[in-house]
Amino acid sequence: MNTFVTGAAFGAALTASGVYQPSVIVSQLKFENWHMMQAFLTAAASSAALVHLLQSLSPSTFPLPPRSFSSISLFSRYDGNLLGGILLGTGMMLSGACPGTVFAQIGTGVRSGFYALEGSIIGGIVFTGFLGPWIARRNAAAKARGEDKELTKTVYENLGVSKSSVLVAFEAICASVVVSTALWTSVGPEAKISPVVGGLCIAGAQLLSLLLRKNMVGTSTSFEEVGDWFWGIFKGKSLPQRYNNLLFVSGCVLGAKLLTVAYPALGQVTEVAVSPVAAGLGGFLMIIGSRMAGGCTSGHGISGISLLSTSSFLTIGAAFGAGALLGLLRG
């Protein structure tokens, strides 16, 4: 029940913030509107502060290890994060969604979200059945060759400085970007509440997840669970026992739906041209990418960055870079 409740809170927060809308995602990647970035950075910075506070108060209750790197053993120990991030950002630009917001889109009835969800489900099935095992074989071969040297996982370890100094720098950078864009740019009609307030709502859902589940938010693993169930049924094997992430994203859909029933204005969607083909292809690519990278814009972007994980910064940097480049090329 805690997982479902937390998912509902997260879905409601995404909806309240307005970042679930395709127009917000697409316009951010084209740098036409800074709504998404303001909400995202507020959520990430607030979440990082909350994690630091909780770990300081009770380290044993909230161990929360940083995100590990993701490798596909091609050219770097972080190649899965980089290539996965590129696919994730490309898929976001095409679909106007991300692995978390697609569930809020379903709850609020965004048409393109249904096509993106279909592509995402196919992506989860393909990753679980083919790409995931291929990556596992490559990594096993690399380990046999002695190429699996453990890497430091956090930014402060890589820089050789204290955790507090990196946290303060991160908070300052986030604050400066949010304040400057709030002062010198405008947001669109999708912003029913301030993007900063929306970001704080997302951080509030993160806090609820930490208190109820002792775990952080993330959504893309749910598509891997779908793939596990599909292949278990298809091959006639015993069905997998994991479904917590499916429970979480089901809560996301219900939370988004209930909030828009209570406050219909939050469900008013600003139309943006996302064709069924683009939405489906984008959904497919963003799930392949997020599973290759070991997380998505929520798992890496809000949660992993909150832990100052190097892999998360690389993944999200690659995602926004690829999405922005595609946005520039598409005009």
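Look up a bit, the structure's there.
Position numbers for residues count from 1 along each chain, tracking the sequence in the order it is written. Thresholds applied to this predicted model are a pLDDT of at least 70 for local features of residues and 80 or more for the giving and counting of side-chain atom pairs; totals over whole chains, interfaces and linings are not thresholded and use all residues. Where side-chain values are given, they derive from all heavy atoms of the structure, hydrogens and water being excluded.

S.K.: I'd like a rundown of the overall build of the protein, residues and numbers included.
M.R.: Within the protein, the secondary structure is distributed over 14 helices and zero strands. Where helices and strands are cited, they refer to DSSP runs of H or I of at least four residues and of E of at least two residues respectively, numbered from the N terminus. When its helices and strands are written in sequence order, the protein yields α-α-α-α-α-α-α-α-α-α-α-α-α-α. For a compact globule the rule gives 2.2 Å times the number of residues to the power 0.38, and the radius of gyration it is set against comes from C-alpha atoms. A globule of 331 residues ought to have a C-alpha radius of gyration of about 20 Å, and the protein, at 19 Å, matches this closely. Projected onto its principal axes, the C-alpha positions of the protein cover 55 × 50 × 45 Å. For every residue, the accessible area (1.4 Å probe, protein chains only) is compared with the maximum for its type, and the residue is labelled buried under 20%, exposed over 50%, or partly exposed between those bounds. Sorting the 331 residues of the protein into buried and exposed places 53% on the buried side. Considering only contacts in the protein between residues 6 or more positions apart, those separated by 24 or more positions represent 79%. Carbon and sulfur atoms make up 67% of the accessible area of the protein, which amounts to about 14,000 Å² in all. Counting rule for charge: Lys and Arg are taken as positive, Asp and Glu as negative, and neither His nor the chain ends is counted. Note on charges: their place is set at NZ of Lys, CZ of Arg, CG of Asp or CD of Glu. Within the protein, the 13 negative side-chain charges are centred at a point lying 4 Å from the centre of the 20 positive side-chain charges. Only heavy atoms enter the contact rule, under which two residues are in contact if any of them lie within 4.5 Å. Accessibility throughout is a Shrake-Rupley quantity obtained with a 1.4 Å probe, and a residue counts as covered only by protein chains that appear here.

S.K.: Go over the nonpolar core with me, naming the residues and quoting the values.
M.R.: Generally speaking, a soluble globular protein has its nonpolar side chains buried in company with each other. We call a set of buried residues a nonpolar core when its members are Ala, Val, Leu, Ile, Met, Phe, Trp, Tyr or Cys and they connect through side-chain atoms within 4.5 Å of each other. Among the nonpolar cores identified, the biggest contains 58 residues, and F10, F40, V102 and I202 are the most heavily contacted of them. Considering each element in turn, this core owes the most residues, nine residues, to helix 3 (residues 35-57). Non-local contacts of I202, meaning those with residues more than four positions away in its chain, are made with F10, A13, L14, S17, V19, A43 and I302. Counting residues in hydrophobic clusters, the runner-up holds seven residues, among them V51, F62, M216 and L307.

S.K.: Please give an account of a nonpolar patch on the surface that cites residues and values.
M.R.: A patch consists of residues exposed above 30% relative accessible area that lack any salt bridge, with like charges linked at up to 9 Å and nonpolar side chains (Val, Leu, Ile, Met, Phe, Trp, Tyr) linked at up to 5 Å. A carboxyl oxygen of Asp or Glu within 4 Å of a side-chain nitrogen of Lys or Arg is what we treat as a salt bridge. On the surface, M1, V5, L211 and L212 cluster together to form a nonpolar patch covering roughly 370 Å² of accessible area. Looking at M1, the relative accessible area reads 71%, which means it is exposed.

S.K.: Tell me what's going on with the side chain of S71, and back it up with residues and numbers.
M.R.: Take S71: it is sitting in the loop between helix 3 and helix 4 (79-95). Here S71 falls in the buried class, since its relative accessible area comes to 11%. Polar contacts involving the side chain of S71 include one to the main-chain amide nitrogen of S73, which spans 3.0 Å. The contact partners of S71, leaving out residues within four places of it in the chain, are S76, R77, D79, G80, I135 and N139. Under this definition, polar contacts are N or O atom pairs within 3.5 Å; protein pairs additionally need one hydrogen-donor-capable and one acceptor-capable atom, and for neighbouring residues in sequence, both atoms have to be side-chain atoms.

S.K.: Kindly report on the packing of aromatic side chains, identifying the contributing residues and their values.
M.R.: For any pair of aromatic rings, the description consists of the separation of the ring centres together with the inter-plane angle of the planes. Each aromatic pair joins two rings of Phe, Tyr and Trp (for Trp, the six-membered one) with centres within 6.5 Å, and gets the label stacked for planes under 30 degrees apart, edge-to-face for over 60, and tilted for any other angle. Counted under the stated rule, the structure contains ten aromatic pairs. When the centroid spacing of 5.9 Å and the interplanar angle of 35 degrees are considered together, the rings of F10 and F248 count as tilted. Highlighted residues: F10 in helix 1 (residues 2-17) and F248 in helix 11 (residues 244-262), separated in sequence by 238 residues. We classify F248 as buried; its relative accessible area is 1%. Taken together, a centroid distance of 5.8 Å and an interplanar angle of 55 degrees make the contact between F40 and F320 tilted. Highlighted residues: F40 in helix 3 and F320 in helix 14 (residues 310-330), separated in sequence by 280 residues.

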